[in-house]
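# Chains, contacts and geometry: an overview
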Amino acid sequence: MKKILFIVCLLFGLNLSFSQTDNVTEQKIDSYIKEVIELNEIPGAALAVIKDGKIVYEKYYGKASIEENKAVDKNTAFKIFSTTKLITSVGIFQLIEKGKLTLEDPISKYLENLPEDWQEIKIKNLLTHSSGLPDIVQFEDIPFSLPYTEKISLLSKKPMQFVTGNQYRYNQTNYLFLAKIIEKITSLTFEEYILSNQFPKAKSSVFFLSNFGQITPRGAIRYNYNTETKKYEKNNYNSGPDSHSANGLNLTLTEFLKWNQNLDNDIYLKEETRYNMWKPYPFANNTDRFAYGWEIVPVNKTLSYGFTGGNETAFRKFIDNNLTIIFLSNGHKYSNLYVQSQVINHVASIVDKSLVDDYLLSGEKINQDFLKLEITKSEQNYLNTKKNHPDWNFEYRLNVIGYTLLSHGRINDAIKVFELNVKENPNSGNAYDSLADVYFKNNQLQDSKKNYKKTLELSPENTNAKEMLEKIEKKLNEKS
């Protein structure tokens with residue numbers, strides 16, 4: 001009897017210990033997310049953490065609609081933007097499993113009237129953004145409203161970006177073609193194929209819509225922060241139905257959780273197929289790293305797989321740790337600081353200590369310091385970090401912070417950040433180019449001229465610096 005009582009007490013103690021651990025983790029995530037939402041003034045968000053096949057965190061924050069004071073909840077469908085590409089990728093691999101196509105198939109097998117340069121581009125090149133195709137969203141003379149055939153006719157006259165297979169370059173044309181290939185093979189619309197094969201039981205909680213200005217009953221409104229009025233405004237961007245495979249999926253966090261469970265449980269794909277989808281593509285430049293539709297992100301030397309969208313959503317799987325994190329939101333005040341990726345990395349470090357990445361977490365803190373602290377204090381904090389870790393490089397981060405401050409009217413602070421970046425990276429032509437840019441915007445023409453010249457010394461191919469020097473000379477001559 002005493003032995004049984006001891007075992008019961010032991011089990012109770014273990015359960016209590018696990019419960020306390022879970023509570024502490026939940027509190028840490030709560031505290032962190034509250035800070036992120038407050039600093040970035042995020043209107044609405046949702047976060048879920050899946051560990052060892054169980055949902056250990058699922059919460060909703062803020063407003064789906066500011067105007068209607070409508071809270072985010074389980075029924076809120078978020079626009080997931082380019083995170084849609086993960087769903088498109090799974091759709092392609094479902095067809096591969098069924099023997100309907102292969103990664104090595106040339107796209108000319110399914111698409112007609114392609115120029116010669118495009119004929120031998122393969123399915124794998126579309127998935128891995130290694131096609132070199134001209135990016136359809138970059139050309140003002142190819143409006144979204146044009147019929148597909150007219151778009152491609154115009155696009156076919158544009159030059160290739162690089163030799164197919166050489167490198168990674170994010171490109172919306174790739175996913176437009178994947179959608180058309182799916183339609184050719186299945187005789188279904190892209191939307192019908194994806195919904196029937198990945199969301200067969202979902203109704204109004206999953207739908208395609210790339211017109212961000214169109215209001216739907218369940219949809220969270222996408223907001224852009226106006227740096228002049230210091231208020232959020234509704235985003236009315238409309239890229240049309242042809243972009244549905246790249247950015248058009250809207251779904252609730254609940255449905256995204258079901259999708260992830262089905263992916264993990266081999267409902268959509270066999271395990272072997274999933275792992276083939278996550279293999280790195282062998283780019284010819286031996287530098288870039290990307291899987292077949294999935295971004296590969298190292299966190300404390302552990303590889304994770306997923307994608308982000310619109311600078312507002314992110315989905316990431318830490319396969320070796322049996323961990324998945326989903327973050328959805330509908331606006332950020334500082335949209336170019338990749339808050340969604342920072343959230344994934346930070347939450348992962350809270351849930352699994354093996355994923356604590358000091359470099360990534362320090363980078364996030366540097367962002368936060370420059371946004372919320374007085375400039376000399378944030379600069380000193382940065383220098384302290386560098387003193388302890390002189391091998392860490394934050395050139396890109398400082399550059400993004402500088403332009404973020406500039407866009408929010410803090411031009412003097414931006415100048416100090418760009419000056420710091422040049423001091424930290426004296427051999428970077430890009431650092432000098434950015435400093436010259438902000439000097440020019442502040443009408444410090446001589447300082448701008450000096451730094452553009454330094455840019456050309458370090459980066460002779462920088463055409464922007466050459467053009468800006470001509471513009472500065474013209475302005476200086478007008479003044480004299």
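Keep in mind it's a predicted model, so treat the numbers as computed, not measured.

Conventions used here
- Residues numbered from 1 in each chain as written.
- Predicted model: local features only at pLDDT ≥ 70, side-chain atom pairs only at ≥ 80, totals over all residues.
- Heavy atoms only, no water.
- Pairing = 2+ DSSP bridges.
- Helix = DSSP H or I, 4+ residues; strand = E, 2+ residues; numbered from the N terminus.
- Axes fitted to C-alpha atoms, helices over the stretch in contact; angles between N-to-C directions.
- Buried < 20%, exposed > 50% of the residue type's maximum accessible area, 1.4 Å probe, protein only.
- Polar contact = N/O pair within 3.5 Å; in protein donor to acceptor, adjacent residues only side chain to side chain.
- Contact = heavy atoms within 4.5 Å.
- Core = buried A, V, L, I, M, F, W, Y, C linked by side-chain atoms within 4.5 Å.
- Parallel < 35°, antiparallel > 145°, perpendicular 65-115°, else oblique.
- Left-handed = near helix turned anticlockwise from the far one by under 90°.
- Nonpolar A, V, L, I, M, F, W, Y, C, P; charged D, E, K, R; others polar.

## Focus: the sheet that holds strand E8 (residues 249-252)
Here we have three strands laid out as an open sheet, ordered E4-E8-E5, and antiparallel in their pairing. Of all strands in the sheet, those bounded by a partner on one side alone are strand E4 (77-79) and strand E5 (206-208). Ignoring which end each strand starts from, the neighbouring axes of this sheet average 25° apart. Two strands pair when backbone bridges link them, and E5 and E8 are joined in this way by three bridges, in the antiparallel orientation. Bridge assignment links Phe-207 to a residue of E8, and that residue is Asn-250.

## Looking at the side chain of His-332
Its place among the elements puts His-332 in the loop between strand E12 (323-329) and helix H10 (339-351). Overall, the relative accessible area of 3% leaves His-332 in the buried class. Within polar-contact distance, the side chain of His-332 engages the side chain of Ser-329 at 3.1 Å. Leaving out residues up to four positions away in the same chain, His-332 has contacts with Asn-40, Ile-42, Tyr-225, Tyr-232, Asn-311, Glu-312, Phe-327, Val-339 and Gln-340.

## Here we look at the nonpolar core
Among the nonpolar cores identified, the biggest contains 67 residues, and Trp-259 and Trp-294 are the most heavily contacted of them. Looking at which element gives the most residues to this core, the answer is helix H5 (residues 172-186), with seven residues. With sequence-adjacent residues up to four places away left out, Trp-259 is seen in contact with Leu-86, Ile-87, Val-90, Gln-198, Phe-199, Tyr-268, Trp-294 and Phe-315. Counting 51 residues, the second-largest nonpolar core is a separate cluster that includes Leu-39, Val-297, Leu-323 and Phe-418.

## Description of the pairing of strand E6 (residues 223-226)
Here E6 pairs with strand E7 (residues 231-234) via four bridges, running antiparallel. Bridging from a neighbouring strand, Tyr-225 pairs with Tyr-232 of E7. The turn linking E6 back onto E7 is made up of four residues, and Lys-230 within it adopts a positive phi angle of 60°.

## Here's the deal with the packing of helix H11 (residues 358-372) against helix H13 (residues 395-407)
Running from N to C, H11 and H13 cross one another at 25°; their axes reach a closest spacing of 11 Å. Judged on the interaxial angle alone, H13 and H11 are roughly parallel. Classified by chirality, the crossing of H13 by H11 is right-handed. From H11, Gly-363, Glu-364, Ile-366, Asn-367, Phe-370 and Leu-371 reach across to H13, where they touch Arg-397, Leu-398, Ile-401, Thr-404 and Leu-405. In terms of residue class, the contact of H11 with H13 is built from six nonpolar, three polar and two charged.

The quantities given are spatial measurements derived from coordinates; they are silent on function.
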